[in-house]
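As a plain string of letters, each chain reads:
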Amino acid sequence: VADILIGRDAGGGAGGYGRFITDYPYEQGRQRIVWQHCENQTIWSSPAVGVIDTTGQPAVVVGTGFGEPPPYKSDSYKLFAFYAATGQPVPGWPVATSGPSFGSPAIGLLPGSPTAAVVDTSWCTACDTGKKNSGASEVEAWAGDGQPLWTRRVGGPNDFSSPVLVDLTGSGQNDVLVGSANGLFPLSGADGSFLYGTTAGAGVNRCSMLNAATVWNVPGNGPGTGWHVFEACGGPHQETGTGTLYDYPLPATPATPPP
């Protein structure tokens, strides 16, 4: 039976003032609640599911936002992990993020992590000067036990993009591809350093990205085939007046399939 995992508005019910994280299985024409948690902060992040520790049990990983007004409540700026079958917290979680999380975390092996790691993006609230186009975003990686692996700051506040894990160098180890309000950034999975001459202020492009890139191996022969990254970006109107679709061939053939 497939389960549906969501974050939704708590509206102050059941002791919650932000969002519920809920596990619904749908069977025999109806749904029921297996478990749910009410966190006292909004949840705009989409849950990701994967095995992140040595128990072998799939975990649900999801971040909190900042919709509840200041003073921000205790569950603000956190990334939670619960075992999918029971809803019990995964040891070592939640972890603190640099700000609210809007996108979905990515789960997969990174260099130096014995189990699948978790990579997330958040708006760096400490970087915001209050001026137009100010601020930055943080890309953060954690081991499955909640221990930090690395943090990398990229240009562009209010990061809505979800990171994608893919081997960008052909080494057989996953790297990170992530967008922000200031463009698309390729990062080393080992330490978060910028790849292929990019910097915090200069990514692959400067198109404002509010979603996730897609990586795919296009079958056939010719220049449009092989491993490519597809990106949709642009907007809001104050930043970029038009939207753009990009198709980039990957700089190297991944030696391992993307998670």
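Residues numbered from 1 in each chain as written. Predicted model: local features only at pLDDT ≥ 70, side-chain atom pairs only at ≥ 80, totals over all residues. Heavy atoms only, no water.

Novice: Help me understand unusual backbone geometry, please; the structure alone is not making it clear to me.
Specialist: For residues besides glycine, phi is generally negative; the peptide bonds are generally trans as well. The step from Trp93 to Pro94 runs through a cis peptide bond, and the omega angle for that step is 10 degrees. With respect to the element layout, Pro94 can be found in the loop between strand S7 (78–83) and strand S8 (95–96). Residues other than glycine seldom take positive phi values, yet Tyr77 does so here, at roughly 60 degrees. Considering the arrangement of structural elements, one finds Tyr77 in the loop between strand S6 (58–63) and S7. Of note in the backbone geometry, Tyr196 takes a positive phi value of approximately 55 degrees without being a glycine. Position of Tyr196 relative to the elements: it lies in the loop between strand S15 (183–187) and strand S16 (214–218). (Helix = DSSP H or I, 4+ residues; strand = E, 2+ residues; numbered from the N terminus.)

Novice: Honestly, the environment of Lys78 in this entry has me stumped. Any pointers?
Specialist: With respect to the helices and strands, the residue Lys78 is situated in strand S7. On the basis of relative accessible area, Lys78 is assigned to the partly exposed category, the value being 25%. In the structure, Lys78 is positioned 21 residues away from Gly99 in sequence and 7.9 Å away in space, judged by C-alpha atoms. Leaving out residues up to four positions away in the same chain, Lys78 has contacts with Val62, Gly63, Thr64, Pro94, Val95 and Thr97. (Buried < 20%, exposed > 50% of the residue type's maximum accessible area, 1.4 Å probe, protein only. Contact = heavy atoms within 4.5 Å.)

Novice: Any chance you could explain the pattern of salt bridges here in plain terms?
Specialist: Two side chains bearing opposite charge may form a pair once their charged atoms approach each other closely. Taken as a whole and assessed by the stated rule, the structure comprises one salt bridge. Linking Glu138 and Arg153 is a salt bridge whose minimum nitrogen-to-oxygen distance equals 2.5 Å. Note that Glu138 is positioned in strand S11 (residues 136–142) and Arg153 in strand S12 (residues 148–155), a separation of 15 residues in sequence. Residue class for Glu138 comes out buried when judged on its relative accessible area of 5%. Residue classification places Arg153 among the partly exposed residues on the basis of a relative accessible area of 45%. (Salt bridge = Lys/Arg side-chain N within 4 Å of Asp/Glu carboxyl O.)

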